[in-house]
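Observations on chain architecture
The residues making up each chain are set out below.
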Amino acid sequence: MIGAALAPGLWLWGNRLPRVAEGDIIEAWEAGFRASYAFGAKLERMDARLRQWPAAALSLLAIGVVLGAAMFAGS
């Protein structure tokens, strides 16, 4: 639906839009991939902290499952 809404604007102003050089999308993907390294490192640190308290993590998971089931059953 968003594409259909944007299509008339692209049709009218498409020739005025800047052209994307070949390979630019690859650069964007690579930048996103490099940024994911920092996110992965943060997840690993969080996982290491949670492994220090396995009972607490299991309890939080159980509470989350119960609350999710309660929300699903209530709708």
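Residues numbered from 1 in each chain as written. Predicted model: local features only at pLDDT ≥ 70, side-chain atom pairs only at ≥ 80, totals over all residues. Heavy atoms only, no water.

What follows deals with the overall build of the chain. Across its full length, the chain holds three helices and zero strands. In sequence order, the secondary structure elements of the chain are arranged as α-α-α. The C-alpha radius of gyration of the chain comes to 23 Å, more than 25% above the 11 Å expected for a compact globule of 75 residues. With respect to the three principal axes, the spread of C-alpha positions in the chain is 60 × 40 × 10 Å. Carbon and sulfur atoms make up 72% of the accessible area of the chain, which totals about 7,200 Å². Taking the average place of the 7 positive charges on the side chains of the chain and the average place of its 6 negative ones, the gap between the two points comes to 9 Å. (Helix = DSSP H or I, 4+ residues; strand = E, 2+ residues; numbered from the N terminus. Rg over C-alpha atoms; globule rule 2.2 N^0.38 Å. Areas by Shrake-Rupley, 256 points an atom, 1.4 Å probe, with all protein chains shown as cover. Lys, Arg positive; Asp, Glu negative; His and termini not counted. Charge placed at Lys NZ, Arg CZ, Asp CG, Glu CD.)

In a regular helix each residue adds 1.5 Å, so twelve residues correspond to 16 Å; helix H1 (residues 2–13) covers 17 Å between its end C-alpha atoms and thus fits that length. The element H1 is largely exposed, with a buried count of zero among its twelve residues. (Expected span 1.5 Å × (residues − 1). Buried < 20%, exposed > 50% of the residue type's maximum accessible area, 1.4 Å probe, protein only.)

Turning to the confidence of the model for the chain, a few remarks are in order. Mean pLDDT over the chain stands at 83; residues scoring 70 or higher make up 96%. The weakest mean pLDDT in the chain belongs to H1 at 83; the strongest belongs to helix H3 (residues 54–74) at 87. (pLDDT = per-residue confidence, 0-100.)

Let us now look at the packing of aromatic side chains. Counted by the stated rule, this structure contains one aromatic pair. Arranged with centres 5.4 Å apart and planes meeting at 65°, the rings of Phe-33 and Tyr-37 form a pair that is edge-to-face. With Phe-33 and Tyr-37 both in helix H2 (residues 24–51), this residue pair falls four residues apart, about one helical turn. Across this residue pair, the class does not change: Phe-33 and Tyr-37 are exposed. (Phe/Tyr/Trp six-rings, centres within 6.5 Å; stacked < 30°, edge-to-face > 60°.)

A surface patch of nonpolar side chains, amounting to about 400 Å² of accessible area, comprises Phe-39, Leu-43, Met-46 and Leu-50. With respect to the helices, strands and loops of the structure, Met-46 is situated in helix H2. Accessibility expressed as a relative area gives 47% for Met-46, which makes it partly exposed. (Patch = residues over 30% accessible without salt bridge, like charges linked within 9 Å, V, L, I, M, F, W, Y side chains within 5 Å. Salt bridge = Lys/Arg side-chain N within 4 Å of Asp/Glu carboxyl O.)

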